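In case you want the letters, here they are:
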Amino acid sequence: MSDAIADDLPSFRRELNSWLDDNEGELRLGHVGHPTLDEDLAQFTHIKRALFDAGWGRHGWPVAVGGLGGSSMLRAVVGEEIATRDLAEPGMWSMIEVLAPTVIAYGSPALIAEMIPPLLRGDETWCQGFSEPNTGSDLASLSCRATAVEGGWSVSGQKVWTSFAQFAERCVLLTRTGEPGSAHRGITALFVDVDSPGITARPIEIQNGTLEFCEVFFDDVFVPNERILGAVGQGWQVAMDVLPYERSTAFWHRGAYLHHRADQLIATVAGIAGADGAAAVDTGQARLLGEAFQAVMAFRCRSRATQHRLAGGGQLGAETSIDKILIATAEQTLFNAARDVLPGVIEFDDDAEAQRLRWEFLYSRAATIYGGTAEIQRNIVARRLLDLGSE
Ligand SMILES: Cc1cc2nc3c(=O)[nH]c(=O)nc-3n(C[C@H](O)[C@H](O)[C@H](O)COP(=O)(O)OP(=O)(O)OC[C@H]3O[C@@H](n4cnc5c(N)ncnc54)[C@H](O)[C@@H]3O)c2cc1C
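What you see is a predicted model; the values in this text were computed from it and never measured. (Residues numbered from 1 in each chain as written. Predicted model: local features only at pLDDT ≥ 70, side-chain atom pairs only at ≥ 80, totals over all residues. Heavy atoms only, no water.)

Visitor: Would you mind going over unusual backbone geometry with me for this structure?
Guide: Of note in the backbone geometry, Phe 164 takes a positive phi value of approximately 65° without being a glycine. With respect to the helices and strands, the residue Phe 164 is situated in the loop between strand 3 (152–163) and strand 4 (170–176). Owing to a relative accessible area of 7%, Phe 164 belongs among the buried residues under this scheme. Phi is positive for Ala 183, which is not a glycine, with a value near 50°. Tracing the backbone shows Ala 183 in the loop between strand 4 and strand 5 (187–193). Of the residues examined, Ala 183 reaches a relative accessible area of 25% and is grouped as partly exposed. (Helix = DSSP H or I, 4+ residues; strand = E, 2+ residues; numbered from the N terminus. Buried < 20%, exposed > 50% of the residue type's maximum accessible area, 1.4 Å probe, protein only.)

Right, dumping it as structure tokens:
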């Protein structure tokens, strides 16, 4: 792939699709029924490695971290095509797209040159240790303590809802290094090896039956000074940079997946109506499907602008709360529509597609919680974008 083609998105997409067509058989690991979390992770690792080794997974990442350079739009295109072909569960991209840009921005050159390539190639999984039992929306109140010791820091405390921690090699961890009550000023971000002595990760089951996240305990865990991201006390800024990344390329991939699922749902309902000899999908079903499709497209239009802003060097900030509200709305509207236009399927059927819809319907409940709840996003829009006052 020449630089000229990598700069020309339609040609890049065409060449990528031709490679995907040629390699589709080897890219897909088999499974029976809806995949388990282990199977999803194995498939994602397999895809990342194949994409990296063929070069596709390196476009859009800086040369200094094993990438081939070029616009972040190239990453958006790769993830979109993978999601649309059902080659990887889209949520899995988030740990790369959210954490890698942050570590690149705040890690030392030596750290990022060592750590980012294995992540991009699928040799490692990372996790994000922000939330705690008493700290979610109010992140500045976190209490997991890092105390200065010879050569580094000793960490003790607890995190919770840490996605993929049981599989992870590294964790981007927010700790309290200032006095208790120092709020956002006393937070430091550390890049921690999850196999360090003193770390215990216990998986927790989420509503759809998957053991996606963990409670993670830190008992006097040593983290060397070279693993500070940014500076001591700069952790709040690191956290504020992480969240907008969460809402950029990773959301674009998820939006592409929702669009693909909306198309499939419409085809399924139209197929059933056709088989029954009905003239058309009935108006109630058509309205629900239309609303779902409209919600997905509203998100995609918004996200397209966000991708272009990011690729143009723009700093993402509070305005990405709009993206978060729109994607959560799209996801829940779509899978609510699936439940209503295919009565009983999500609740009672057990073929692979019903298992998948059930999994997706239940997971969509989390869309208004993870990465900042719907209420908090609306507060941000009201206060910071619409200037409606602090209360
Ligand atoms: C699937 C999933 C994956 C996750 N993965 C991770 C992860 O990898 N790493 C990580 O660190 N965390 C993760 N989380 C945790 C997530 O970030 C938190 O759940 C989220 O920030 C909300 O925090 P909380 O659960 O403590 O709820 P709380 O903050 O206790 O909120 C409870 C309720 O009160 C509302 N509320 C709180 N404050 C206000 C306010 N000021 N105004 C109005 N309403 C308010 C909230 O909207 C919510 O409805 C994940 C969560 C989910 C569901």
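Visitor: Any chance you could explain the site of the ligand here in plain terms?
Guide: Around the ligand sit 19 residues, and of these Ser 131, Ser 137, Trp 161, Thr 373 and Glu 375 come closest. Note that a nitrogen atom of the ligand is positioned 2.7 Å from one of the backbone N or O atoms of Gln 128. Between the ligand and Asn 379, the relevant distance is 3.0 Å, taken from a nitrogen atom to a side-chain nitrogen or oxygen of the residue. Burial of the ligand by the protein amounts to 65% of the accessible area it has alone, namely 970 Å². When contributions to the shell around the ligand are tallied by element, the ones reaching two or more residues are strand 3 and helix 13 (374–385). (Near = heavy atom within 4 Å. Polar contact = N/O pair within 3.5 Å; in protein donor to acceptor, adjacent residues only side chain to side chain. Areas by Shrake-Rupley, 256 points an atom, 1.4 Å probe, with all protein chains shown as cover.)

Visitor: Just to check I follow, could you spell out helix 7 (residues 235–246) for this structure?
Guide: The α-helix winds at 3.6 residues per turn, so residues separated by three or four positions along the chain end up facing the same way. Here helix 7 contains 12 residues, and its C-alpha end-to-end distance of 17 Å stays within 8% of the 16 Å for a straight helix at 1.5 Å per residue. Residues of helix 7 that are buried include every one of Gly 235, Val 238, Ala 239, Asp 241, Val 242, Leu 243, Pro 244 and Glu 246, and no others. (Expected span 1.5 Å × (residues − 1).)

Visitor: Explanation requested: the pattern of salt bridges in the structure shown.
Guide: Where charged atoms from two side chains of opposite charge come close, those side chains can pair. A complete count under the given rule lists 25 salt bridges for this structure. The closest approach of N and O atoms between Arg 85 and Glu 24, which form a salt bridge, is 2.8 Å. Of the two residues, Arg 85 is situated in the loop between helix 4 (73–84) and helix 5 (94–106) and Glu 24 in helix 2 (residues 9–27); the sequence distance between them amounts to 61 residues. Arg 85 sits in the buried class, given a relative accessible area of 18%. The salt bridge involving Asp 350 is made with Arg 358; its shortest N-O contact spans 2.9 Å. Judged by relative accessible area, Asp 350 falls into the exposed class, the value being 55%. Residues participating in the shared-partner salt-bridge network are Asp 86, Arg 261, Glu 353, Arg 356 and Glu 360. (Salt bridge = Lys/Arg side-chain N within 4 Å of Asp/Glu carboxyl O.)

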